[in-house]
Amino acid sequence: MARPSAPKAGGLPTSVRLSLQFSFLYAVLSAVVFAMAYWFTQYEVHDWVIDQMRGDAGTLQAIYQTGGAAILVDHLNALAAVSFEDARVYQLQDASGAVLAGNIDLPIGRPLPAMIPADQIAAAGSIIHEVNGYWMQETPIGPYRLIQGSGDHIVREVLEALGTALVLGYLTVIVLGLVAGIRVGRITEKRIAAILNALTRLSDGQLAVRLPVPAGGGDDLSRVSVKVNDMLDEIAQLAESQRQIANDIAHDMRTPLQRLHQRLERLRATPGVAADEIDACLGQTRDIISTFNALLRIAQLEGGDRQARFGLVDLAPILSTVIDAFRPVAEDRGIDLRLSDPPQALMVRGDQGLLTQMFSNVVENAIKHCPSGTTVAVDGLSDDRTIVVRIADNGPGISATDRERVFQRFFRTERSRHTPGNGLGLALVKAIAQIHHGTVSVQGNNPGAVFRVEFAACK
Amino acid sequence: MRVLVIEDDRETADYVCSSLLALGHLVDHAADGKHGFLQALDNDFDVMVIDRMLPGLDGLTLLRSLRGAGVTTPIMLLSAMDGLKDRVDGLEAGADDYLVKPFAFSELSARLSALARRPPIKTEETHLRVADLDLDLLRHTVCRAGQAIAVQPREFRLLAYLMRHADRVVTRTMLLESVWEFNFDPGTNIVETHISRLRNKIDKPFDRPLIHTVRGAGYSLHG
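What this report covers is the structure whose coordinates are included nearby. None of these values were measured; they are calculated from a predicted model. (Residues numbered from 1 in each chain as written. Chains lettered and ligands numbered in written order. Predicted model: local features only at pLDDT ≥ 70, side-chain atom pairs only at ≥ 80, totals over all residues.)

**Points about the interface of chain B and chain A**
Put simply, the rule reads: Our contact criterion uses C-beta atoms placed from the backbone: two residues qualify when those atoms are within 7 Å. Strands are runs of DSSP state E lasting at least two residues, helices are runs of H or I lasting at least four, and both sets are numbered from the N terminus onward.
At the interface, 30 residues of chain B touch 35 residues of chain A. Sorting the residues of the side of chain B that touches chain A by element identifies α1 (10-22) and α8 (190-202) of chain B as the ones contributing at least two each. By residue number, the principal contributor to the side of chain B that touches chain A is α8 of chain B, which donates four residues.

See below:
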């Protein structure tokens, strides 16, 4: 049975990964929000500043109309003097472009409205550094030209405040998210470890194990666990009823088979009967019994009947006993059956009797299908993790399409249809390998076939 | 020998008892566990046959009770159960041998003889001798009529088993279990082939064969 290898440990727990992903998403969103806020703020503040300046211009126009040019100049100078943080700049020019009033030293000649950098303005008094540029506009008042400017630092200050808020919020979310993520992650990790542990024991055949469900836990993990447990209950029930059926069949068929055998034996001892016929019947009865026993054993193994007594078993002496047992038979058939000496013990966890039967069946299968003059070579190799036993022959081999099917119950290849046997030997091999968490497969050997049995090594 | 058969299936009990009688054994029968228990305590048997599933008192409990009561008679457990653990459970409960139904009478008979006349445990058994055949268990040597015969380790084990059970029938499955520790019956004629090899060495060069085939049952070694 090929078991998927466990995913590598050491990756970030899901919740931490999620919270990191979330904070990244938050950072991207913040950047987008910031960009939008920048654009809107700039637009709105600009609008507001322009409105302010227009309002001022209207007031100044009214002052000129009622008080004349001199009052207008006074007013402008007063306004320029109280301009807070150089946020506002003014200039009044006459028709020739000469400067009459204001806090801009250089005459502004260029057409307005426009954005003009702060260093081109040279406003009277100190120019504060926050102002990078001015939005400038002009309004005709009588024969004069009124130039107004408003610093852009208002927008930047608003945006700075907004940015600071967003960055602080972002950091808070990351820190809180990580702390919460790690905490939740630890808890979830523990629960998932408990679930994995339960699943491992289940796949080892401990069908009574259930996934842990914390008291009062109605979260998704608990709900999944409850569902899995319900399923396991049903599986356990099915396995139990299958076992029961197998036991019933076994018992209810063994007794009549016993009686049949007895009657035939008794009949055989009666004088004047056709002894040959009865011997044939007895032979058939024995065939039925052996097929019956093999089927039942396969069913027991496949049904997960972990009643076998598993202990530490060395495969090396098992292999040599099996080879020993079959060597004379092989020699009589002209087959060279040999075992390469395994260099060391081949320790696995298993049932000695079943493992012996498994290798016996594979070797027997090879001998049965190989013609005279062939070689059947058995070897066992082990490294830290696995033990591989190969039974290789150079006989007729098994066609690629049949290689999977030879392990099915009652499957027989075209060539083997007329050899004796019940078609269960290799099915039993597979069932025995599986109960040991091992695998068995067959490949081509150019020419011939190689059976390969693989187990986890035991130290 | 005197045999107690505790078996509830009438037909099987009838057949086993009458067949044992026909071989000249004394046979007592009990149809349930309680009667079986009382009979086993009251009389002295050479061997007992107990079915695993009995009404009243099941076979395993009966076995444990008998062993608990100090009964040391060899016991053969018959069973319709052949689970992976059943045999071990039976042997652990105190059975000396375990036979799964359906079985041939010859198998039961051969195994009962082996059980009943099981030699008392000798601490120093170094030689086996049957007729002019000698086997040295310490030196792992075989000789017949003073002539050394080279045998392979497994053949030595096979021969030793046959000699220990001399004059009795040993079946194929008894040999598979004790010589190769095969608790299953491979379809291939492993035992026949090994016996044939052994005969070539032990019997062929000599006038009188020692290994005899018992038709439909197994083999017997005798002079």
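**Points about the sheet that holds strand β3 (residues 114-117) of chain A**
Residues and elements named next belong to chain A. For the record, the criterion: For two strands to be treated as a pair, DSSP must find at least two bridges joining them. Between N-to-C directions, angles cover 0 to 180 degrees, with each direction set by a line fitted to C-alpha atoms, over the stretch in contact for helices.
Across the sheet, five strands lie side by side as β2-β1-β5-β4-β3; this open sheet has antiparallel pairing. Looking at the sheet topology across the chains shown, the edges are occupied by β2 (99-102) and β3. Averaged over all adjacent pairs, the angle separating strand axes in this sheet is 30 degrees, with direction ignored.

**Things to note about the nonpolar core**
Among soluble globular proteins, nonpolar side chains are generally buried collectively. What counts is decided by this rule: What we call a nonpolar core is a set of buried Ala, Val, Leu, Ile, Met, Phe, Trp, Tyr and Cys residues whose membership is set by joining through C-beta atoms within 7 Å. Here exposure depends only on C-beta density: within 10 Å of a residue's C-beta, 20 or more other C-beta atoms make it buried, 12 or fewer make it exposed, and intermediate numbers make it partly exposed, the C-beta atoms being placed from the backbone.
Within the largest apolar cluster, 106 residues are counted, with the highest numbers of intra-cluster contacts made by Leu315, Val363, Ile367 and Val376 of chain A together with Met76 of chain B. The leading source of residues in this core is helix α6 (residues 315-332) of chain A, at nine residues. Dropping the residues within four chain positions of it, methionine 76 of chain B is found in contact with Val47, Val49, Ala95, Asp96, Asp97, Leu99, Arg111, Leu112 and Leu115 of chain B. Among the nonpolar cores identified, the runner-up in size contains 22 residues, and Val49, Tyr64, Ala80 and Val131 of chain A belong to it.

**Some words on the sheet that holds strand β1 (residues 2-6) of chain B**
All names here are of chain B. Strand order across the open sheet formed by five strands is β2-β1-β3-β4-β5, with parallel pairing between neighbours. Every other strand in the sheet has two partners, leaving β2 (26-30) and β5 (97-100) as the edge strands with one partner each. For this sheet, the mean angle separating the axes of adjacent strands, direction not counted, is 20 degrees. Two elements, strand β3 (residues 47-51) and strand β4 (residues 75-79), share four bridges in a ladder whose sense is parallel. What sits directly across from valine 49, in β4, is methionine 76. Strand contacts of α1: β1, β2 and β3, with the helix running at about 165 degrees to β2, the strand carrying the most contacts. Each of β1, β3, β4 and β5 touches helix α5 (residues 105-116); the most contacted strand, β5, lies at about 175 degrees to it.

**Observations regarding the packing of helix α6 (residues 153-164) of chain B against helix α7 (residues 172-179) of chain B**
Residues and elements named next belong to chain B. For clarity, the threshold we go by: An angle below 35 degrees is treated as roughly parallel, one above 145 as roughly antiparallel, one from 65 to 115 as roughly perpendicular, and anything else as oblique. Handedness of each helix crossing follows the sense of rotation of the near helix against the far helix: counterclockwise by less than a right angle gives left-handed, clockwise gives right-handed. Here the nonpolar group is Ala, Val, Leu, Ile, Met, Phe, Trp, Tyr, Cys and Pro; Asp, Glu, Lys and Arg are the charged ones; every other residue, Gly included, is treated as polar.
At a minimum axis distance of 10 Å, the contact between α6 and α7 shows a crossing angle of 125 degrees. Overall, the two elements α6 and α7 adopt an arrangement that is oblique. Of the two possible hands of crossing, α6 and α7 adopt the one that is right-handed. Here α6 contributes Arg154, Arg157, Leu158 and Tyr161 to the contact with α7, which in turn contributes Leu175, Ser178 and Val179. Residue classes in the contact of α6 with α7 are distributed as four nonpolar, one polar and two charged.

**Some points on the pairing of strand β1 (residues 88-93) of chain A**
Residues and elements named next belong to chain A. Of all six residues in β1, six are buried; the element is thus mostly enclosed. Both faces of β1 are covered, namely the face carrying Arg88, Tyr90 and Leu92 and the face carrying Val89, Gln91 and Gln93. Where β1 lies against strand β5 (residues 144-151), six bridges are found, and the strand directions are antiparallel. Note on β5: the bridge partner recorded for tyrosine 90 is glutamine 148. Direction of pairing for β1 relative to β2: antiparallel, over a ladder of three bridges. Considered in β2, the bridge of glutamine 91 is made with glycine 102. A loop of five residues connects β1 with β2, the two strands running antiparallel in sequence, and glycine 97 in this loop sits at a positive phi of about 100 degrees.

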